[in-house]
Each structure stands twice: as structure tokens, then as C-alpha cells.
2 protein chains.
Amino acid sequence: MMNLALNTATTRHQWDLRAAVEGCKRHGLSAIVPWRDQVLEIGLEKSSKLLRDSGLAVTGYCRGGMFPANSEAGRRLAIEENRRIIDEAFAIGSPLVVLVCGGLAEDSNDLSGARKMVLDGIHSIINYARSANIKLAIEPLHPMQAAERSCINTLAQANDICDALEPSGSSTLGIAVDVYHVWWDPELKKQIDRAGASRLIGFHLCDWLVPTHHLVTDRGMMGDGVINLESIAISMFNAGYKGTPEVEIFSDYWWSQPADEVINIARKRAQRVLERLF
Amino acid sequence: MMNLALNTATTRHQWDLRAAVEGCKRHGLSAIVPWRDQVLEIGLEKSSKLLRDSGLAVTGYCRGGMFPANSEAGRRLAIEENRRIIDEAFAIGSPLVVLVCGGLAEDSNDLSGARKMVLDGIHSIINYARSANIKLAIEPLHPMQAAERSCINTLAQANDICDALEPSGSSTLGIAVDVYHVWWDPELKKQIDRAGASRLIGFHLCDWLVPTHHLVTDRGMMGDGVINLESIAISMFNAGYKGTPEVEIFSDYWWSQPADEVINIARKRAQRVLERLF
């Protein structure tokens, strides 16, 4: 068995949660990171039982966040939604919720305002998460997603949020490092080191294709693009990351391929990157 | 007449250099920033005469850069090419060359190596530029261009290069701030302040559309997107920028519209952003 998780977004157009669980087992992956819509599709209770019975580790749950909104009521709704997501993570046995923090509020161009709303939003759920023993993995998203998906676009920002909300050191907050979002960052290594073992709670693999044809759904399979995955993996290892790396590929191309083939290739490619480290 | 330049990329599919010059005059723009291919299309000598006779200020020349290459010979070629571009900028009366520094070298995934090649490349042409009294405007490009067009993706990197190569303060090196490339940067204001009046030698306007359909050719007209242009203009003004702002819109949509209409709209939209400042 390989210390590797399938993020179910990778096969979302081929497999439902049940099929993804079977796929992970068939291909010898140790873990799974389900998306919420796929969990709710078959129901929280059935999903929980399915995952528990599978023998797979559930190493994450996607996704919370989306805090900015242009009204007090909208921001409150987002916080309530995030609490439900924390409950669901607890129910399926995930140690963490991945936070895609949200972009600009609707009809707004106030980026620093949105960033403040994200800080406030995380602040509003941190105690709830702590009491459920669920970690919150802040995932910086590529700057090209700043408007629509997340105004947290660098590891430095994620580290700053952790510093601000858990000044005495992290226990509930952490960071998910997705190579696709951060590979370009001149401070990548420095900010991975700054995060350190306690905050590094997610490591997502895919690749950046040249050329890239779509801002969301044209990610590459590891090895097909230009990200120096080995170098990032070494940085993660050296900083003390000890988790289960995860394959997460949003790709119209790979969604059109047989899922077993996708996983087969992903497993081999991930192995090349990770084998001497994790 | 308005203190505004047309970057000729904005109308490249409608107008050649001659038509762009006439367009600028017709619409009361004070300046023009030609692209090299459009200059060479009618010849350097004719372009120089055309621009000199036009009464327009030439406030930039696009573009130099593209330093990384996977061989010593390739890097030397790039440097020679940049020297020719500096000569051309001198010939057409431009005070500066815009540097799009280049992405990864071919078949390479060594991003920090590419960044080193950019530093070395600029180092290799700075004296040549200085002796021609041509400034080099380092333009950080959006991180989504890190692989293909520029591995210089933040104002902090551009400032670092200036610090490294002109430690006693800038005179030949400067920075072009294109709102499209930097609007997302949490350090935007800080790094504009750090650059200061002497380094701020370019200010490019367009907008970020939501959604964005193409990584290169889907820029928006000012006001049609989510960039807080006023706020960036105020930062530039407060930092002492005193140049001629420039409209540069790569857009399949705007390239399909009558150029006079494009300029008419661009002028009005730019006026709203700039009128109280520049």
C-alpha cells in the first residue's frame, strides 16, 4: 500500500464516492479525500459507514471556506455552513477541513476587504473546529483565482493568518500546500519552512501544463508539466511534513479517461516524486 | 490632450503603426508605446520619422527580455537581441525598453535557475542601456505566466533585481506596474512604495475579467473587471509616479471591435481613474 490519497475531484466525472473508495483499494492507495457534494450525494450517514468500513484513511474533506459576502447576513450564513462542514468532517472521520477561503464578495472589488472577511471568518469557526478536534487547512490558491475562489494567494498570507489567530503556535490552523497554486512563488521554500511541521497538514500533487488552456480545469498529471515536484517534496520533507500526499487533478482531459487508468498513472508518477521521502 | 499612452498591442489587429499614430492624434492621446514587430514592419527608419513627426511622445518600447535559455549560446543571443532592442528604442525616441523577462528555459523546470538567468541577463545589458540613456523597465508578469513569459512575477522580485544591480539607487533600472499582473499581490502597496518615484517608470491599465477565459488574450477594458484601479493609481501617485499611464489590453473581444471605438471607450474609462491624479 502506498502512502497516497486520492482527492475525489480527480475522478469526479467517472466515479461516485462508492466507486472512488473501491478504486483506492484496488490500486493500493492508503487514503481518500472526499468532496462534500459526493458525500452528500449518497448521504452523510452512508458515506461515513462506507469510509469507515473501507479501511482507507480519510485524510481531508473538501471544502469549507468561501467567507466573503457583501452583507452581514451573507457572512453569517457562510460561517454556519462552515460549522456544518466541520460536523460532516467529524462524521466521516476526517482530521481536517480544507479551506478554499473565497474571492471577492459579490459586486465588490475590495480585495483587502475580502481578505479581512476571510480572517474574520476563520476566527469565527476556529473554536468550533477546535472543540470537534478538526483542523482547518488554509489552502492558498493561485493568484489567477483571487477574484473568484480565494483571495488567499500565497503561503505568506496563510502563515500570517495562522500567526494572527494562533499566536502561540498552531494546533487547529494549518496549511495545505497545493503545488499547482504555489509553485511560482519566489518565497515558496521560505514559507514552507516558516509553516513548519505543525502547520503543514496538506500536500496536493498535480502539474502545471504549458500551455494551460483553462484557469480551472486544465491541470496536468505529475510529470506532464513544468513544476519541479521533487524539489517541493524535499522542501516539505525537510520542513517536517509527515502526512499523506494527495493527488488532486482538475482536468477535462483526465476526466475523459478511464478512472482506473488515471489512478494507475497517477500512482506511478507520484511514486517517482515521493518514494525516497514519504 | 490627455496624458495617456496607447500601447499598440491594444489595437494590433486593427491598426498598423501608422494608423495607431493617427488614432492617438485623433483621440487626443499624448503618447504611444509601440511594439517592436509593428515598428520593424514598416522599418526602423520610417517608424522613427513617423513617430518624431507625429508630435506624440514615445513613452516606451515593447519589448526586451526573454533572457533564459538552455545553452550559453542561447543566452548570448538573447543579450545581443536586447542590445538591438535598446538601439531601436533610442532610434524611435523612447526613454525605455519594457522587459518581459522570460519564463523557464526550454525543456527546463528550473525556476530559480531561470530567475538567476534573468538577473544575469539584465546585468549584461545594463551598461549598454545606460550609455544609450535608455531605461530598462522590469515588468513583473502575473504568476500564471511564470512558465512561458516571465519568471519575474512580483514587484518584490523586480525591486530585488533593482537593489542587486543598482545598489546605490536606480537610474537605469526601473519597474513597469501593469495592474493586470499585480492587482492580486498582498504586497502591492508596500512594493510600490519601496520602488518609489525613481523606479516607477511604467503604469499599464486594463482590467481583470470575471470569469477570465484565456490566460493571455482575455483582458478587460478598465471598469469592466474587478481591479480597484483607483486605489492602485492613488498608490502610484502617492509613491511619486509622474509618468504617462498607458492603456494595454490584450483581448480577442476588443481586437474584434472598431479601433476608434476601443480608443474612445478606453480614453473615457482611463479618465475616470486618472483625472484627479495625473
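Quick caveat, the model's predicted, so the values are computed rather than measured.

Caption draft 1: The arrangement of the interface of chain B and chain A in detail. With 27 residues of chain B in contact, the opposing surface of chain A contributes 27 residues. Buried surface at the junction of chain B and chain A, summed over both partners, amounts to about 2100 Å²; 69% is from carbon and sulfur atoms. Looking at the side of chain B facing chain A, the largest losses of area belong to N109(B), W184(B) and L215(B), adding up to 24% of the total buried there. Linking chain B with chain A are 0 salt bridges, by the criterion used here. The interface formed by chain B and chain A contains 2 residue pairs in polar contact (both at pLDDT 80 or more). Of the residues assigned to the side of chain B that touches chain A, the class counts are 15 nonpolar, 9 polar and 3 charged.

Caption draft 2: Geometry of the pairing of strand 8 (residues 200-205) of chain A. All names here are of chain A. In terms of residue burial, strand 8 counts as a mostly covered element, since 6 of its 6 residues are buried. When strand 8 meets strand 9 (residues 246-247), the two strands line up parallel, connected through 2 bridges. Considered in strand 9, the bridge of H204 is made with E246. Tracing the backbone out of strand 8, into helix 9 (residues 229-238) and back to the parallel element strand 9 gives a crossover that is right-handed.

Caption draft 3: Representation of the relation of the copies chain B and chain A. Mapping chain B onto chain A leaves a residual RMSD of 0.0 Å; the transformation is a rotation of 180° accompanied by 0.0 Å of translation along its axis. Each copy turns onto its partner about a two-fold axis. The share of interface residues of chain B whose copies in chain A are also at the interface is 100%, consistent with both copies meeting through the same surface.

Caption draft 4: Region of interest: the environment of D178(A). Residues and elements named next belong to chain A. Assignment of secondary structure puts D178 in strand 7 (residues 173-178). Relative accessible area serves as the criterion here: at 0%, D178 is assigned to the buried category. When the C-alpha positions of D178 and A137 are compared, they lie 11 Å apart, and in sequence the two are 41 residues distant.

Caption draft 5: Highlighting helix 6 (residues 155-165) of chain B. All names here are of chain B. By the criterion of burial, helix 6 is predominantly enclosed, with 8 of the 11 residues buried. Taken residue by residue, helix 6 has L155, A156, Q157, A158, N159, I161, C162 and L165 as its buried positions. The inward-facing, buried residues of helix 6 contact helix 5 (111-131), strand 6 (135-138), strand 7 (173-178), helix 7 (179-182) and helix 8 (188-199).

Caption draft 6: Fine view of the sheet that holds strand 3 (residues 57-58) of chain A. Residue and element names in this part refer to chain A. Read from one edge to the other, the open sheet built from 9 strands follows the order 3-2-1-9-8-7-6-5-4, with strand pairing classed as parallel. Looking at which strands have only one partner, the edges of the open sheet turn out to be strand 3 and strand 4 (62-65). Where strand 5 (residues 96-100) meets strand 6 (residues 135-138), 4 bridges bridge the pair, whose relative direction is parallel. Each bridged residue has a counterpart across the sheet, and for L96 the counterpart in strand 6 is K135.

Cut-offs and rules
- Within each chain, residues carry numbers counting from 1 in the order of the written sequence.
- Each chain takes a letter, starting from A, and each ligand takes a number, starting from 1, following the order in which they are written.
- Local features in this predicted model are restricted to residues of pLDDT 70 or higher, and side-chain atom pairs are both shown and tallied only at a pLDDT of 80 or more, whereas totals for entire chains, interfaces and linings draw on every residue.
- Each side-chain value is derived from all of the structure's non-hydrogen atoms; neither hydrogens nor water enter the calculation.
- Contact between two residues is taken to exist if any of their heavy atoms lie within 4.5 Å; hydrogens are not considered.
- In this description, buried area is defined as the sum, over both parts, of the accessible area (probe of 1.4 Å) that is lost when the two are combined.
- Any carboxyl oxygen of Asp or Glu that lies within 4 Å of a side-chain nitrogen of Lys or Arg is treated as forming a salt bridge with it.
- We call two N or O atoms a polar contact when they sit within 3.5 Å, provided that within protein one can donate a hydrogen and the other can accept it, with sequence-adjacent residues counted only if both atoms are side-chain atoms.
- Note on residue classes: Ala, Val, Leu, Ile, Met, Phe, Trp, Tyr, Cys and Pro are nonpolar, Asp, Glu, Lys and Arg are charged, and everything else, Gly too, is polar.
- Here the term buried applies to any residue with accessible area under 20% of the maximum for its type, exposed to any over 50%, and partly exposed to those in between, with areas from a 1.4 Å probe on protein chains only.
- Note on conventions: DSSP H or I runs of at least 4 residues are helices, E runs of at least 2 residues are strands, and numbering of each starts at the N terminus.
- Criterion used throughout: strands pair if DSSP finds at least two bridges between them.
- By the criterion used throughout, a crossover qualifies as right-handed when its path from the first strand across the helix to the second strand runs clockwise, the strands pointing away from the viewer.
- Here the copies are matched by least squares. The fit uses the C-alpha atoms of residues with pLDDT of at least 70 in both.

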